Amino acid sequence: DVKVTQSSRYLVKRTGEKVFLECVQDMDHENMFWYRQDPGLGLRLIYFSYDVKMKEKGDIPEGYSVSREKKERFSLILESASTNQTSMYLCASSSQGFQPQHFGDGTRLSIL
Amino acid sequence: GEDVEQSLFLSVREGDSSVINCTYTDSSSTYLYWYKQEPGAGLQLLTYIFSNMDMKQDQRLTVLLNKKDKHLSLRIADTQTGDSAIYFCAEKAGTSGTYKYIFGTGTRLKVLA
């Protein structure tokens with residue numbers, strides 16, 4: 001079974017802090033994704049990566065950056081956290097072709 | 001642009017069938033997926049269907065695809081209280097190298113005992 005592991009289930013940070021959310025997958029997937037999930041808005045794509053050291057902006061990249069130094073790890077960085085970044089963050093990975101995305105359990109991030 | 005729409009809520013009685021509907025706009029969709037999200041958890045893949053298929057059955061789940069109307073549905077037979085969750089429809093659209101996954105806003109299914 002594919003395992004996508006997000007480093008924290010719950011995280012509380014303060015406004016202005018630099019925040020790192022980590023995601024690791026164990027199936028050698030090429031593609032990795034970061035979403036945020038907010039009530040009534042569904043999933044919105046922040047950033048994605050099709051290969052190591054490669055990144056592409058999603059629909060809402062402002063205020064975020066990513067890092068993919070190794071194939072199995074995709075990090076989401078909040079450069080200077082703000083209260084409107086309080087949300088559930090979901091990481092996903094997939095292989096090529098028709099294969100679906102596999103999701104981690106999510107990180108519920110609160111910015112105070 | 002691409003869009004996937006679902007109704008927000010559905011309530012059914014235990015033992016009845018549930019039908020969750022989804023419409024999408026991108027005609028280049030190749031694969032369509034159904035995910036289930038339980039409280040406090042990530043999304044779990046339930047099933048998927050290729051765009052050249054009309055129907056797929058997997059135990060209690062039946063997926064119907066009407067490509068002409070761009071309509072997808074998920075039927076859950078003999079719905080149980082453990083089926084209470086949010087169900088997301090998603091499509092994989094675009095061409096090789098430029099595809100993306102587009103999710104609906106989710107349908108919250110409540111199963112009444």
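Residues numbered from 1 in each chain as written. Chains lettered and ligands numbered in written order. Predicted model: local features only at pLDDT ≥ 70, side-chain atom pairs only at ≥ 80, totals over all residues. Heavy atoms only, no water.

Draft legend 1. Here's a closer look at the sheet that holds strand E7 (residues 61–66) of chain B. All names here are of chain B. The sheet built from 5 strands is open, its strands ordered E1-E3-E8-E7-E6 with antiparallel pairing. Only two strands of the sheet have a single partner each, and these edge strands are strand E1 (4–6) and strand E6 (55–58). The average angle at which neighbouring strand axes cross in this sheet is 15°, direction not considered. In this structure, E1 lies alongside strand E3 (residues 18–24), joined through 3 bridges in antiparallel fashion. Within E3, the position partnered with Val4 by the bridge is Tyr24. (Pairing = 2+ DSSP bridges. Helix = DSSP H or I, 4+ residues; strand = E, 2+ residues; numbered from the N terminus. Axes fitted to C-alpha atoms, helices over the stretch in contact; angles between N-to-C directions.)

Draft legend 2. Broad picture of the side chain of Ser94(A). One can find Ser94(A) in strand E9 (residues 87–94). The exposure class assigned to Ser94(A) is buried, which follows from its relative accessible area of 0%. In this structure the side chain of Ser94(A) is engaged in a polar contact, spanning 3.4 Å, whose partner is the side chain of Tyr101(B). With near-sequence residues (within four places) excluded, Ser94(A) lies in contact with His29(A), Glu30(A), Asn31(A), Phe33(A), Gln99(A), Pro100(A), Gln101(A) and Tyr101(B). (Buried < 20%, exposed > 50% of the residue type's maximum accessible area, 1.4 Å probe, protein only. Polar contact = N/O pair within 3.5 Å; in protein donor to acceptor, adjacent residues only side chain to side chain. Contact = heavy atoms within 4.5 Å.)

Draft legend 3. Representation of the nonpolar core in the model. Membership of the largest hydrophobic core comes to 21 residues, with the highest contact counts inside it found for Trp34(B), Leu72(B), Leu74(B) and Tyr87(B). At the level of secondary structure, the elements contributing two or more residues to this core comprise E3, strand E4 (31–37), E7, strand E8 (71–76), strand E9 (85–93) and strand E11 (107–112) of chain B. A total of 4 residues in this core trace back to one element, the largest contributor, which is E9(B). Once residues within four sequence positions are removed from consideration, Tyr87(B) is found in contact with Gln6(B), Ile20(B), Tyr35(B), Lys36(B), Leu46(B), Leu74(B), Ile76(B), Gly106(B), Thr107(B) and Leu109(B). Among the nonpolar cores identified, the runner-up in size contains 20 residues, and Val19(A), Met32(A), Leu78(A) and Cys91(A) belong to it. (Core = buried A, V, L, I, M, F, W, Y, C linked by side-chain atoms within 4.5 Å.)

Draft legend 4. Broad picture of the interface of chain B and chain A. Listed as interface residues are 19 residues of chain B and, on the opposing side, 23 residues of chain A. Note on chain B versus chain A: buried area summed over both sides is about 1,700 Å², and carbon and sulfur give 54% of it. Viewed at the interface, chain A and chain B are joined by 0 salt bridges. Between the two partners, chain B and chain A, sit 5 residue pairs in polar contact (both at pLDDT 80 or more). Counting only elements with at least two residues in the side of chain B that touches chain A, the list comes to E4, strand E5 (43–50), E9 and strand E10 (100–103) of chain B. Of the residues in the side of chain B that touches chain A, the class split is 11 nonpolar, 6 polar and 2 charged. (Buried area = accessible area lost by both parts, 1.4 Å probe. Salt bridge = Lys/Arg side-chain N within 4 Å of Asp/Glu carboxyl O. Nonpolar A, V, L, I, M, F, W, Y, C, P; charged D, E, K, R; others polar.)

Draft legend 5. Representation of the pairing of E3(B) in the model. All names here are of chain B. In E3, alternate side chains face the same way, and those of Ser18, Ile20, Cys22 and Tyr24 are buried while those of Val19, Asn21 and Thr23 on the opposite face are not. As paired elements, E3 and E8 share 6 bridges and run antiparallel to each other. From the neighbouring strand, Val19 faces E8, where its bridge partner is Arg75.

Draft legend 6. Broad picture of unusual backbone geometry. A positive phi is found at Asp28(A), a non-glycine position, where the angle reads about 60°. Residue position: Asp28(A) is located in the loop between strand E3 (19–25) and strand E4 (31–38).

Draft legend 7. Up close: the state of the cysteines. Summed over the entire model, instances satisfying the criterion amount to 2 disulfides over all chains. Here Cys23(A) pairs with Cys91(A) through a disulfide, and the sulfurs are 1.9 Å apart. The chirality of the disulfide connecting Cys23(A) with Cys91(A) is left-handed, given an S-S dihedral of about -75°. In this pair, Cys23(A) is assigned in strand E3 and Cys91(A) in strand E9, connecting sequence segments 68 residues apart. Each disulfide pairs two cysteine sulfurs, and for Cys22(B) the partner residue is Cys89(B), the sulfurs being separated by 2.0 Å. Linking Cys22(B) and Cys89(B), the disulfide has an S-S dihedral of approximately -60° and is accordingly described as left-handed. (Disulfide = S-S within 2.5 Å.)

Draft legend 8. Up close: the pattern of salt bridges. Tallied over the entire structure, the rule returns 9 salt bridges over all chains. One continuous salt-bridge network, built from bridges that share partners, spans Arg36(A), Asp38(A) and Arg44(A).

Such coordinate-based values are descriptive only and should not be taken to indicate function.
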